[in-house]
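# Observations on the model geometry
One-letter residues, chain by chain:
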Amino acid sequence: MNRFFFLTGCVALTSSVFAVNPDSFNLDEKGWDPDTTFPIPTPEEAAQRIEVPKGYHLEVVASEPMVEEPASIAFGPDGELYVCEWRTYMQDEYATDQLAPVSRVVKLVDTDGDGQMDQRTVFIDNVLLPRTVLLLGDRVLVNLTNSNTIYAYFDDDRDGVADRREVAYEGDENKGNIEHQSSGLVFNLDNQIYTNYARMGYHQGKLTPTPHSVARISQWGLARDDDGRMYCSWAGGGDPASSFQFPGGYPLVKIDEHGPDYDTPYASCKVWDQSSGGYNEEKQVVLTKFSAACGQTVLRSPLMPEWYGNLVTCEPVGRFLRMTEVQWEKGKGTAHNAFPGSEFIRSADPYFRPVWAESGPDGCLYIADMSRGIIQEKNWFPTEDGDERVAWVNRYKRVKKWGMLKAFRHGRIYRLVPDDKQPGPLPSMSDEDGTALAEHLTSDNGWWRDTAQKLIVTGEHQDAVPALKELASAARTADAQITALWSLEGLGALDRELVLSALQSPEPRVRTAAIHLSEAFLEKGDAVVREALVAKLDESDPKTAMQLYLSFNAKTDKDYATIRGQIQALSADHPLVAALNARQERLADEGRMSRSAVAGRNVYESLCTTCHGANGEGASDGTKQLAPAPKGNHWFADGGRIDIIARVLLKGQMGPIQGRTYGEGIMIPLETVYDDRALANVINFIGEKWNQWDKGVAKPGDVAKVREAETSRLTPWTEAELEALAKKH
């Protein structure tokens, strides 16, 4: 058994409005003293530099050596904290042995309830960069790097160390850049488990996936709210709040979701070490645009009622956490910075690297800080003179001189606590029966409701049904009633009468949930439920009206187009209706494409849209375009140079293109990510969608031929090399 204990001292730090002075480092008149070095701070010193809102303080819950390189965290049903430790991530500037299977998932326990973790066991050892975990009743689901397989680990003797594992879902390889692989494992209100690639049903220990409407919905992290909306984020492209209009499982729509000034970061760290996102030379702080949004959570805690329902997203390049308040108008949500002109939490410390946030069972906000010098993965951290990415090589030389390469194998986990309230009690749910678990659905803490529902449904606690039915018909709060209804659905015990009753609720959120739950009855041809829904087509609440629009679809009703037309006539100014209609046009567009191109769209949307743009015109970070536009690209003209395009996809490209330098500076190689067929598919999608190609021009054999010819090449192409090659052939 791999078990050991740590005694830790509590560090509580309180700020005034934002009392910490960010001017912590030596600067000359241009902003930099070439002789400056940044020593690695202790956990106490690091915490002192973190700015928090007035009325709150930070506590250090765990730090090295108890925890190191914390990439994500998740709480278990008894309040234990599981941490994915990335022990090989960028341990030097060369990413030496980054894919060695020596990483861990550790289990931290607060044995005396004082808010500090004092017991640590290595739950899983010697694995490849564990990405996220999900705690169920008798098992822990884990996904690992380079694979979409999800494993279930079991601690049979309850000593904190996994004894065996099973395959919960057999996935394929996923050998893309480690920042672009699977993430998530969130149990949502609809009883589905979500990753950024799929939503999965869970039954008797096995997962059955259903793809999202796009290939990948988020990059690193997923979050949910009380109504089952999923909140996504993108590091590339810099989007801390994305695709949150509808509950999970419905199509994602292309629509502007950000309010004025939302995309402007307000960092306080002066260290000039970003890859993308820019540097604010006027204020001498890092970032003019978001660079690494990730690790988000929705605050659903009674300890922080003023922020209930707000999203918190990490920004490790900017060294801050953005709080997003979503404001709803006519049924559409728009993201706003809850701290205009500033950030929710931020630090001047160069080593503050928040990568994951979690709303805890005690009502506190937990933050995982990797606390390291290099945060960029090797593809974005060149070191050699002669590399086309001169600015990034110069960045490497700066951070090396500043001593930042020496900061690794650290890690801090903080919790944000109100000054005038005590954190809530720790749970003890793992051995509770269904009736006891159902009582937790009345909690005003979203974590307790989520965990109780998850354990009831995945543990198939039929003994919870009587209590759930009582809550579903007469709960004190909308949250309790909604969660009880969905718990019954997960157990296969939801009856028509409960749904019909909920449809008449004076609370719009309950009516909306009832409409969503009605879909299963519509699919079975239940005329009574259909009649009750049709009677509500004049629904005045715009979010409830949109749920009606979503629930009447091709799967649930043969006359759905007529019903949707009536809803649209009654809600003519609903902004999301137009977005859904645009999606329908896109589906019609797919009907004109080859099967190869349709499959290629999924590849493009999974990996390429962040830099090349959803419309094929290139994406921008607000200061410059991130990558060339596929639409009208000269390599796709006149039927295309498939040999050149394949070389770029397989080996990548760096440096200026047609005299223009693009924001990211490099397109990463895809040769280990996708096979020949997938790359031919994405070539066909770009060619047919935006460049007037005939159907299915590119063949897998075309890519295979280039792959074989360029096997020995180790570096990305430059434009000059490609142009010279094109002239030869």
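If you're wondering where the values come from, they're calculated on a predicted model, not measured in any experiment. Per chain, residue numbering runs from 1 following the sequence as it is written. Where totals are concerned, whole chains, interfaces and linings use all residues; where local detail is concerned, this predicted model gives features only for residues with pLDDT of at least 70, and gives and counts side-chain atom pairs only at 80 or more. Side-chain measures were taken over the full set of non-hydrogen atoms in the model, leaving aside hydrogen atoms and water.

## As for the overall build of the protein
The helix count covers DSSP runs of H or I at least four residues long, the strand count covers runs of E at least two residues long, and both are numbered beginning at the N terminus. Counting its regular elements, the protein contains 18 helices and 33 strands. Here the globule rule is a power law, 2.2 Å times the number of residues to the power 0.38, and the radius of gyration is based on C-alpha atoms. Relative to the globule expectation of 27 Å for 729 residues, the C-alpha radius of gyration of the protein, 26 Å, shows essentially globular dimensions. Once the C-alpha set of the protein is aligned to its principal axes, its extents read approximately 75 × 65 × 50 Å. When accessible area is computed with a 1.4 Å probe and restricted to protein chains, residues below 20% of their type maximum are described as buried, those above 50% as exposed, and intermediate ones as partly exposed. Taken over 729 residues, the protein has a buried fraction of 63%. In these tables, accessible area is a Shrake-Rupley quantity obtained with a 1.4 Å probe, and a residue counts as shielded only by the protein chains included in the view. As displayed, the protein offers around 28,200 Å² of accessible surface, 49% of which is attributable to carbon and sulfur atoms.

## Some remarks on the side chain of N188
You can see N188 is positioned in the loop between β15 (184-187) and β16 (193-195). Its relative accessible area of 1% is what places N188 among the buried residues. Residues count as neighbours in contact if any of their non-hydrogen atoms are within 4.5 Å of one another. Beyond its immediate sequence surroundings of up to four residues, N188 is in contact with Y194, R224, G228, M230, G248 and Q453.

## Regarding the nonpolar core
Within the largest apolar cluster, 130 residues are counted, with the highest numbers of intra-cluster contacts made by F344, L365 and L416. Counting residues per element, this core draws most heavily on helix α6 (residues 478-491), at eight residues. Within the second largest apolar cluster, 39 residues are counted, among which are I642, L670, F685 and I686. We call a set of buried Ala, Val, Leu, Ile, Met, Phe, Trp, Tyr and Cys residues a nonpolar core when their side-chain atoms join them within 4.5 Å.

## Some remarks on the side chain of S596
As for its position among the elements, S596 is in helix α14 (residues 595-612). Under the relative-accessibility criterion, S596 is labelled buried at 18%. Two N or O atoms count as a polar contact when they lie within 3.5 Å, although within protein this holds only if one can serve as hydrogen donor and the other as acceptor, and sequence-adjacent residues are included solely when both atoms are side-chain atoms. For S596, the side chain forms a polar contact with the side chain of N684, separated by 2.9 Å.

## Some remarks on the sheet that holds strand β10 (residues 140-144)
Pairing between strands is defined by DSSP: at least two bridges between the two strands are required. Spatial ordering of the open sheet is given by β9-β10-β12-β13, a layout of four strands whose pairing is antiparallel. Looking at strand neighbours, the two that pair on one side only are β9 (130-135) and β13 (164-169), the edges of this open sheet. Neighbouring strand axes in the sheet, compared pairwise and without regard to direction, differ in orientation by 30° on average. Relative to β13, strand β12 (residues 150-154) runs antiparallel, the two being bridged by five bridges. Only the contacting stretch of a helix is used when fitting its axis, a line to C-alpha atoms as for every element, and angles between N-to-C directions run 0 to 180 degrees.

## Let's talk about the pattern of salt bridges
Once the charged atoms of two side chains with opposite charge are near each other, the side chains can pair. The salt bridge criterion pairs a side-chain nitrogen of Lys or Arg with a carboxyl oxygen of Asp or Glu, the two atoms within 4 Å. One pass over the structure, following the stated rule, counts 42 salt bridges. Of the charged contacts in the structure, one is a salt bridge between R530 and D557, with a shortest N-O distance of 2.4 Å. Residue R530 is found in helix α10 (residues 527-534), and its partner D557 is found in the loop between α11 (542-551) and α12 (560-570); the two are separated by 27 residues along the sequence. By relative accessible area, which is 27% here, R530 ends up partly exposed. For R601, the salt bridge goes to E605, with nearest N and O atoms at 4.0 Å.

## What to know about the packing of α6 against helix α8 (residues 508-517)
Orientation of α6 relative to α8, taken along the N-to-C sense of each, is 10°, at an axis distance of 9 Å. Taken together, the axis directions place α6 and α8 in an arrangement best described as roughly parallel. On the side of α6, the interface is formed by A478, D479, Q481, I482, L485, W486 and E489, while α8 contributes R509, V510, A513, H516 and L517. Note on terminology: angles under 35 degrees are roughly parallel, angles over 145 are roughly antiparallel, angles of 65 to 115 are roughly perpendicular, and the others are oblique.

## As for the pairing of strand β18 (residues 206-211)
When strand β17 (residues 198-203) meets β18, the two strands line up antiparallel, connected through six bridges. Within β18, the position partnered with Y202 by the bridge is L207. In sequence, β17 turns back onto β18 through a hairpin of two residues, with Q204 there showing a positive phi of about 50°.

## Topic: the environment of P354
Among the secondary structure elements, P354 is positioned in strand β29 (residues 354-359). Along the backbone, P354 and Q422 are 68 residues apart, and their C-alpha atoms lie at a distance of 24 Å. Ignoring anything within four residues of it in the chain, the contact list for P354 reads C294, C314, E315, P316, R319, F320, L321, I367, A368 and D369.

## Focus on the packing of aromatic side chains
In this analysis, rings of Phe, Tyr and Trp, with Trp reduced to its six-membered ring, are considered paired at centre separations within 6.5 Å, and the interplanar angle assigns stacked below 30 degrees, edge-to-face beyond 60, and tilted for intermediate values. One pass over the structure, following the stated rule, counts 21 aromatic pairs. Measuring from centroid to centroid gives 4.8 Å for F75 and Y366, while their planes differ by 75°, and the two rings are edge-to-face. Here F75 is found in strand β5 (residues 70-75), whereas its partner Y366 is found in strand β30 (residues 365-369), with 291 residues between them in sequence. Given a relative accessible area of 4%, Y366 falls into the buried group. With a centroid separation of 5.4 Å and 10° between ring planes, the pair formed by Y231 and F244 is classed as stacked. Here Y231, found in strand β20 (residues 230-234), pairs with F244, found in the loop between β21 (239-242) and β22 (279-280); they are 13 residues apart in sequence, far enough to count as distant. Per residue, the accessibility class of Y231 equals that of F244, and both read buried. Each member of the aromatic cluster is reached from another via a ring pair, and the members are Y56, W307, F339 and F344. Over the face of the ring belonging to Y262 we find R322, whose NZ or CZ atom lies 5.1 Å from the ring centre. Throughout this description, the term charge over a ring refers to an Arg CZ or Lys NZ atom that lies within 6 Å of the ring centre and within 35 degrees of the ring normal. When the ring centre of W272 is taken as reference, the NZ or CZ atom of R398 above it lies at 3.7 Å.

## Some details on the sheet that holds β20
Spatially, β19-β20-β21 is the arrangement adopted by the three strands of the open sheet, whose pairing is antiparallel. Here the strands that pair on one side only, and so sit at the sheet edges, are β19 (223-224) and β21.

## Quick word on the confidence of the model for the protein
The pLDDT value expresses, per residue, how confident the predictor is, ranging between 0 and 100. Here the protein averages 90 in pLDDT, and 95% of its residues register 70 or above. Confidence drops under pLDDT 50 across residues 1-31; counting only partners more than four residues distant or on other chains, this segment forms 82 contacts.

## Examining helix α16 (residues 676-690)
Its 15 residues give α16 an end-to-end C-alpha distance of 21 Å, which sits within 8% of 21 Å, the value for a rise of 1.5 Å per residue. Burial analysis of α16 places 13 of its 15 residues in the buried class, the great majority of the element. For α16, the capping residue at the N-terminal end is D675, with a side-chain oxygen 3.3 Å from the backbone nitrogen of R677. Q692 lies just past α16 and shows a positive phi near 60°. Expected helix span is taken as 1.5 Å per residue step, with the number of steps being one fewer than the number of residues.

## A few points about the pairing of β12
Burial of β12 is extensive: five of the five residues sit out of reach of the surface. Side chains of β12 alternate between two faces, with I150, A152 and F154 and Y151 and Y153 buried alike. Inspection of the sheet shows β10 paired to β12 by four bridges, in the antiparallel sense. Bridging from a neighbouring strand, V142 pairs with Y151 of β12.

## Comments concerning unusual backbone geometry
Residue E64 is joined to P65 through a cis peptide bond whose omega torsion reads 10°. Although it is not a glycine, R158 adopts a positive phi angle of roughly 55°. Tracing the sequence through the fold places R158 in the loop between β12 and β13. For R158, a relative accessible area of 60% gives the class exposed. Although it is not a glycine, E460 adopts a positive phi angle of roughly 50°. Here E460 shows up in the loop between α4 (446-458) and α5 (465-474).

## Regarding the packing of helix α15 (residues 642-651) against helix α17 (residues 700-709)
In a pair of packed helices, the angle between the axes and the distance between the axes together describe the arrangement. Two elements in contact, α15 and α17, have axes separated by 9 Å at closest approach and are oriented at 60°. Taken together, α15 and α17 sit at an angle that is classed as oblique. α17 is crossed by α15, and the crossing has right-handed handedness. Along the contact surface, α15 presents I642, D643, A646, R647 and L650, while α17 presents D702, V703, V706, R707 and A709. Classification convention: Asp, Glu, Lys, Arg as charged; Ala, Val, Leu, Ile, Met, Phe, Trp, Tyr, Cys, Pro as nonpolar; all other residues, Gly among them, as polar. Here the contact of α15 with α17 is composed, by residue class, of six nonpolar, no polar and four charged. By convention the crossing between two helices is left-handed if the near helix lies anticlockwise of the far one by an angle smaller than a right angle, and right-handed if it lies clockwise.

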